[in-house]
Amino acid sequence: MGETGVTDSSTLRIEMRGVSKTFPGVRALEKVDLQLKAGEVHALLGENGAGKSTLIKIMTGALPRDEGEIRLDGHPVEINTTADAQALGISTVYQEVNLVPTLTVTKNLTLERQPRRFGLISWGRARALAKQRLKRLNLEIDTERLLGSYPVAIQQLVAIARALEDDTRVLVLDEPTASLDANETELLFKIMRDLKSLGIAIVFITHFIDQVYQVADRISVLRNGRMVGTAPAAELPRLELISMMIGRELAAVEARLATSKSEAGGEPVLAAVGLGRRRTMTPFDIALRAGEVVGLAGLLGSGRTETAKLLFGAIRPDSGQLKVDGKAVKRFSPGHSLRYGILFCPEDRKAEGLVGELTVRENIMLGLQAKRGWMRRVWKDEQKRLTQEMIEALAIATPDAEKPVGQLSGGNQQKVVLARSLVAKPKVLLLDEPTRGIDVGAHAEVVALIRRLCAEGLALLVASSELDELVAVSDRVAVLRDRRKVEEMSGADITRENIIHTIAGG
Amino acid sequence: MKERYLPLAATVTVFVALFVTGGIFYKHFFSTLVLGHILADNAFIIIAAIGTTFVILSGGIDLSIGSMIGFVGVTMAHLDSLGWHPLASAVVLLAFGVLFGACQGFIIDFCGIQAFIVTLAGLFMLRGACFMVSLDSVPIRHPFVGVFADVSIPLPDGGFLASSAIVMLVVLVIAIVIAHFTRFGTNVYAIGGDRTSAILMGVPIRRTTVMIYALGGFYSALGGVIYALYTSSGYPLAGTGNELNAIAAVVLGGTLLTGGVGMVAGTLFGGMILGLIATLIIFNGSLNGAWIMIASGVLLFLFIVVQRSLVGSFNIRRSA
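Bear in mind the structure is a predicted one, so any value in this text is a computation, not a measurement. (Residues numbered from 1 in each chain as written. Chains lettered and ligands numbered in written order. Predicted model: local features only at pLDDT ≥ 70, side-chain atom pairs only at ≥ 80, totals over all residues. Heavy atoms only, no water.)

Enquirer: Help me out: how do you make sense of the overall build of chain B in this one?
Expert: Along chain B, the regular secondary structure elements total 13 helices and four strands. Over its C-alpha atoms chain B spans a radius of gyration of 19 Å, differing by no more than 12% from the 20 Å that the globule rule assigns to 320 residues. Of the contacts made within chain B by residues no fewer than 6 positions apart, 78% connect residues no fewer than 24 positions apart. In chain B, the 12 positive side-chain charges and the 10 negative ones have mean positions that sit 13 Å from each other. (Helix = DSSP H or I, 4+ residues; strand = E, 2+ residues; numbered from the N terminus. Rg over C-alpha atoms; globule rule 2.2 N^0.38 Å. Contact = heavy atoms within 4.5 Å. Lys, Arg positive; Asp, Glu negative; His and termini not counted. Charge placed at Lys NZ, Arg CZ, Asp CG, Glu CD.)

Dropping the structure here:
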């Protein structure tokens, strides 16, 4: 699929050309182009970490770009701060309602812009101003009530009313429907269509595919920091869209590893029966056997992480049973799971996994110390020996064991997360997005590593948004949709196409 | 009634209920005379608490109030012995209060240190400064003290409004105007309600924080001036622990310690409830002074429990 639609520069509202951005250890955006036309709703899609929010932050001045240029109505513009963006008529409404719930609607709409007389605020005129702003969205509510007393949908609309200036040219809506029900979403879409008719270019970020087709005129897809493509919504079939989001790289890895799949049998090490939690995950069955890799596939928000956390006890289930080696687990907590030899490697290694300031050795030892309890400390020589073993086994590229983890590259940080788990010699390892944000080379190494671990008799669960990775490593794949396990496939059935069909609900 | 007036209504109800209860049990209690005395006796605490209301509304805390009251009082007395007119020293000390508060606010925002620690340091420094000025109680002998004491507005039914109460009511009205009719006031509520959102909505955080603590410094210094004039003396230990009384008055007045919710007018009634409890127990005669603290403590506790459930019931905070 190519670049469709008119690119006559006179109809372009905003244009980003060759925008790149690098964070320490991660290439977040790689020469991304994005073109928004006046009066269109443009959906920006991509899995978590694809670079959507980085791109938007650059457009709205919240982040500086490394290279590339931005043109507004054909003229190059410099956007270095959020104030610059606002002055140019680029407004943003974030996923979290960024208003003050303890203030009235009027106060929220007029904060720092209240009309004044003799230095004192004229609340009468402020109310009129607030009503006028809401009127543009055809919203009639009591502006003297506290914002927090309204449902989230109304709060969201008030946030849009505040963001909309008379001269707004571009409106960015970041996951605006995440906490709305169907009716509320419909109301928001109606307003988006109204605004579009005023010539405003609307960027709509979401992970609800259905909604994209309801409201978007064109769709752009980002993956791993690259623009995969842009197409009119009417000309882009759903299946193709999902495969654009999930990707088809790593075919080489797939080929190399396809032969090494294991045949596992015997009793499951970890088995969930009807395990679930209301509003988090519909009850599901899953079994992990020694020497077997089970993949968890599904789009963002489908319940991948939740499933892993339920199995680990980090989310407390309210129904069902969990069996370890055939015995039912009575109490659910990460501490108990660790004692059973179940380990969880979280998705966000910075927030949940690693302590950036500590050295490689200290981070790896955290895993062991947690298992042994703090009373029984590990002697320094023992620590050095174990760390060296891990560095060699996982080929962690670090000059020595005493380098702070934060200074390693993304792929090597991920290996340290794995090392930390492995040093405690677990029976079951739950990996959430083991290859998130690392480059293709390191990616292949991590995938190979997962296969090797499995061959050594570990039971593995891999939750991933990278379909090819799952196809490459999994003996069985559980497919999730809307927080429900919809299918489990094994052997020759595990193909990209099958999984995509199941995810799309076809 | 709008839900945000509920805490204020609750405070006023408790005040009226206590006052009527006193009137039922004790002769002469339910009178403008008693009311006037409660206002006059507690004026300095209520004045300081008005400033604290802004600090707490913004989600902060100010522990330096009691020491400020002591320092201002003892310095005024000392300057009096050097021949200063009390009004002249009051102007200088009020300016000092503003400056001291502004410094605290700047440090809190610029260094990103918790208000609790910064103002705790302020508490120690000012109390130490009190002892630098004088180790003993110093009388204020200037004739102005007498003039100040004589000014009063008669109330119907034999009571009167003393000069300290008049000053308190005037600065209360000013504070209400600041809180509800200036951008600064709305920004204070916004910062306390959701700081992150306030930043994104363009509230100048540093300027507002500095102004909040400067205002707090002004009001607590004014509390010190009124206390010194009311007692016609300065004492280095004066005001010890009064920061906690002021915070109690603010909380009883319906302001949430977490910030963002509350009203300046409530603080007046909060302070008067504390004064009323003390007066009731003194009227009783058979109970000793310890019961004042115990009753205040129980009431404060009940109030916070009620507030918690109120807040929960109309869910004005997103993450409760």
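Enquirer: Even after reading the chapter, I still don't get a positive patch on the surface, so can you show me in this structure?
Expert: Residue and element names in this part refer to chain A. There is a patch of like positive charges on the surface, built from Arg277, Arg278, Arg279, Arg316, Arg331 and Arg339. Note that Arg279 resides in the loop between strand 13 (268-277) and strand 14 (281-289). The exposure class of Arg279 is exposed, given its relative accessible area of 77%. (Patch = residues over 30% accessible without salt bridge, like charges linked within 9 Å, V, L, I, M, F, W, Y side chains within 5 Å. Areas by Shrake-Rupley, 256 points an atom, 1.4 Å probe, with all protein chains shown as cover. Salt bridge = Lys/Arg side-chain N within 4 Å of Asp/Glu carboxyl O. Buried < 20%, exposed > 50% of the residue type's maximum accessible area, 1.4 Å probe, protein only.)

Enquirer: What am I meant to see in the pairing of strand 10 (residues 201-205) of chain A here?
Expert: Here is the key point about a regular strand: its side chains alternate between the two faces of the sheet. Residues and elements named next belong to chain A. Counted residue by residue, strand 10 has five buried out of five residues, so it is predominantly covered. Here strand 10 shows no split at all, with Ala201, Val203 and Ile205 on one side and Ile202 and Phe204 on the other all buried. Here strand 3 (residues 41-45) runs beside strand 10; their pairing, made up of four bridges, is parallel. By the bridge assignment for strand 10, His42 is matched with Val203. Of the strand pairs in this sheet, strand 9 (residues 170-174) and strand 10 are connected by five bridges, and their pairing is parallel. Bridge pairing in strand 10 links Val170 to Ala201. (Pairing = 2+ DSSP bridges.)

Enquirer: What should I look at first to understand the pattern of salt bridges in this one?
Expert: A side chain of one charge can pair with a side chain of the opposite charge when the charged atoms of the two come close. Residues and elements named next belong to chain A. This model, assessed by the stated rule, comprises 23 salt bridges over all chains. For Glu69, the salt bridge is made with Arg71, and the minimal N-O distance between the two is 3.3 Å. Classification of Glu69 as partly exposed rests on a relative accessible area of 27%. Residue classification places Arg71 among the partly exposed residues on the basis of a relative accessible area of 22%. Between Glu382 and Arg385 there is a salt bridge, and its shortest N-O distance comes to 3.5 Å. On the criterion of helical spacing, the pair formed by Glu382 and Arg385 is a turn pair, its members being three residues apart in helix 14 (residues 380-394). You can call Glu382 partly exposed: its relative accessible area is 33%. Bridged by salt links that share partners, the residues Glu15, Arg17, Glu69 and Arg71 form one connected network.

Enquirer: Any chance you could explain the interface of chain B and chain A here in plain terms?
Expert: In many reports, interface size means the accessible area that the parts give up when they come together. Across the contact, 27 residues belong to chain B and 29 residues belong to chain A. In this assembly, chain B and chain A are joined by zero salt bridges. The element contributing the most residues to the side of chain B that touches chain A is helix 8 (residues 183-193) of chain B, with six residues. Its residues assigned to classes, the side of chain B that touches chain A comprises 11 nonpolar, nine polar and seven charged. (Nonpolar A, V, L, I, M, F, W, Y, C, P; charged D, E, K, R; others polar.)

Enquirer: Explain the environment of Asp136 of chain B here, please?
Expert: With respect to the helices, strands and loops of the structure, Asp136 of chain B is situated in the loop between helix 5 (115-133) and strand 1 (138-139). Between the alpha carbons of Asp136 of chain B and Val74 of chain B there is a distance of 9.0 Å; along the sequence they are 62 residues apart.

Enquirer: Sorry, what's going on with empty space enclosed by the protein here?
Expert: The gaps of empty space that remain are located by a probe, the size of a water molecule, rolled over the atoms. Residue and element names in this part refer to chain A. The tally for this structure, following the rule as stated, stands at two cavities of 30 Å³ or more. Space inside the largest cavity adds up to approximately 50 Å³. What lines the largest cavity is simply Leu311, Phe312, Gly313, Leu322, Val329, Arg331, Phe332, Ser333, His336, Ser337, Tyr340 and Ile342. Every element with two or more residues in the lining of the largest cavity is listed here: helix 10 (304-312) and helix 11 (334-340). Here the lining of the largest cavity takes three residues from helix 11, the largest share from any one element. (1 Å grid on protein atoms, 1.4 Å probe; cavity = no way out; pocket = protein on both sides within 12 Å on 5 of 7 lines; lining within 4 Å. Points joined across faces, edges and corners; volume = space filled by probe spheres on them.)

Enquirer: Could you clarify how one ought to interpret the sheet that holds strand 10 of chain A in this entry?
Expert: Hydrogen bonding along the main chain pairs the strands of a sheet, whether they run parallel or antiparallel. Residue and element names in this part refer to chain A. Read from one edge of the open sheet, six strands run 6-9-10-3-11-12, paired in mixed fashion. Both outer strands of the open sheet, strand 6 (90-93) and strand 12 (226-232), are each paired with one neighbouring strand and no more. Taken over all neighbouring pairs, the strand axes of this sheet differ in orientation by 20 degrees on average, direction set aside. Here helix 5 (residues 152-163) sits on the sheet and contacts strand 6 and strand 9; the angle it forms with strand 6, its principal contact strand, is near 165 degrees. (Axes fitted to C-alpha atoms, helices over the stretch in contact; angles between N-to-C directions.)

Enquirer: Where do I start with the nonpolar core in this structure?
Expert: Within soluble globular proteins, side chains that are nonpolar tend to cluster in buried spots. All names here are of chain A. Ranked by internal contacts, the top residues of the largest apolar core, which has 190 residues, are Ile160, Leu171, Leu429 and Ile499. For Leu171, the residues in contact, after removing those within four places along its chain, are Ser91, Val93, Ile160, Ala163, Leu164, Leu195, Ile200, Ala201, Ile202 and Val203. Membership of the second largest hydrophobic core comes to 28 residues, among which are Leu270, Ala308, Leu322 and Leu480. (Core = buried A, V, L, I, M, F, W, Y, C linked by side-chain atoms within 4.5 Å.)

Enquirer: Would you mind showing me how to read the packing of aromatic side chains here?
Expert: Residue and element names in this part refer to chain B. Per the counting criterion, the structure on display carries 17 aromatic pairs over all chains. Aromatic side chains Phe29 and Phe283 sit 4.9 Å apart centroid to centroid with 80 degrees between the ring planes, which places their arrangement in the edge-to-face category. One end of the pair, Phe29, is in the loop between helix 1 (6-25) and helix 2 (32-57); the other, Phe283, is in helix 12 (residues 264-284), and 254 residues separate them in sequence. Relative to Phe184, the ring of Phe54 has its centre 6.4 Å away and its plane inclined at 25 degrees; by these criteria the two rings are stacked. (Phe/Tyr/Trp six-rings, centres within 6.5 Å; stacked < 30°, edge-to-face > 60°.)

Enquirer: How should I be thinking about the packing of helix 2 of chain B against helix 10 (residues 205-231) of chain B in this particular structure?
Expert: The description of two packed helices rests on the angle between their axes and on the distance between the axes. All names here are of chain B. Relative orientation of the contacting elements helix 2 and helix 10 amounts to 175 degrees, with a least axis distance of 7 Å. As the angle between them shows, helix 2 and helix 10 are arranged roughly antiparallel. In contact with Ala40, Asp41, Phe44, Ile47, Ala48, Ile50, Gly51, Phe54 and Val55 of helix 2, helix 10 contributes Ile212, Tyr213, Leu215, Gly216, Tyr219, Ser220, Leu222, Gly223, Ile226, Tyr227 and Tyr230. Considering only residue class, the contact of helix 2 with helix 10 consists of 15 nonpolar, four polar and one charged. (Parallel < 35°, antiparallel > 145°, perpendicular 65-115°, else oblique.)

Enquirer: Any chance you could explain the pairing of strand 1 (residues 12-23) of chain A here in plain terms?
Expert: All names here are of chain A. Burial analysis of strand 1 places nine of its 12 residues in the buried class, the great majority of the element. As judged from the eight bridges shared by strand 1 and strand 2 (residues 26-37), these two strands associate in the antiparallel manner. Bridge assignment links Val19 to a residue of strand 2, and that residue is Val32. Both strand 1 and strand 4 (residues 67-72) contribute to a ladder of five bridges, which runs antiparallel. Bridge pairing links Ser20 to Glu67 in strand 4.

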